[in-house]
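# Commentary on secondary and tertiary structure
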Amino acid sequence: MKADKEWLRYIATYRTDKSASDAYDIVIGPVANDQAIRTVNDFIKGRFTENRAIQLLLPQNLKDQYTFKTEKAISILELVEVKCL
């Protein structure tokens, strides 16, 4: 996945409104790493437009993260393998 306007709005909402909620059980999207979070914060502060923030985020090779937000989501997880180091 890549950073897009929907992702940016979602991240911005949860960074500015701690009481925000949604109906999602699982959320999958790019991880806002140190560089990306600076861009997101600048967007939140009004320093960047949505389009400019996305332009700055797209070249970054952001890895996906999976967030299991409910018991229902956690219940679908299945242990596949254990590796000892």
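Residues numbered from 1 in each chain as written. Predicted model: local features only at pLDDT ≥ 70, side-chain atom pairs only at ≥ 80, totals over all residues. Heavy atoms only, no water.

### Considerations on a nonpolar patch on the surface
- Taken together, the side chains of Ile26, Ile28, Tyr66, Phe68, Ile74, Ile76 and Leu77 define a hydrophobic patch exposed on the protein surface, amounting to about 640 Å² of accessible area.
- Those elements that provide at least two residues to the nonpolar patch are β1 (26–30) and β2 (64–68).
- Secondary-structure assignment places Ile28 in strand β1. (Patch = residues over 30% accessible without salt bridge, like charges linked within 9 Å, V, L, I, M, F, W, Y side chains within 5 Å. Areas by Shrake-Rupley, 256 points an atom, 1.4 Å probe, with all protein chains shown as cover. Salt bridge = Lys/Arg side-chain N within 4 Å of Asp/Glu carboxyl O. Helix = DSSP H or I, 4+ residues; strand = E, 2+ residues; numbered from the N terminus.)

### Let's talk about the side chain of Thr39
- In this fold, Thr39 is placed in helix α2 (residues 34–44).
- Exposure remark for Thr39: the relative accessible area of 5% places this residue in the buried category. (Buried < 20%, exposed > 50% of the residue type's maximum accessible area, 1.4 Å probe, protein only.)

### Quick notes on the packing of helix α1 (residues 5–16) against helix α3 (residues 50–57)
- Between α1 and α3, whose axes approach to 10 Å, the crossing angle comes to 105°. Here α1 is positioned roughly perpendicular relative to α3, judged by the angle of their axes. The residues of α3 that touch α1, namely those facing Lys5, Trp7, Leu8 and Arg9, are Glu50, Asn51, Ala53, Ile54 and Leu57.
- For the contact of α1 with α3, the class distribution of residues is 5 nonpolar, 1 polar and 3 charged. (Axes fitted to C-alpha atoms, helices over the stretch in contact; angles between N-to-C directions. Parallel < 35°, antiparallel > 145°, perpendicular 65-115°, else oblique. Contact = heavy atoms within 4.5 Å. Nonpolar A, V, L, I, M, F, W, Y, C, P; charged D, E, K, R; others polar.)

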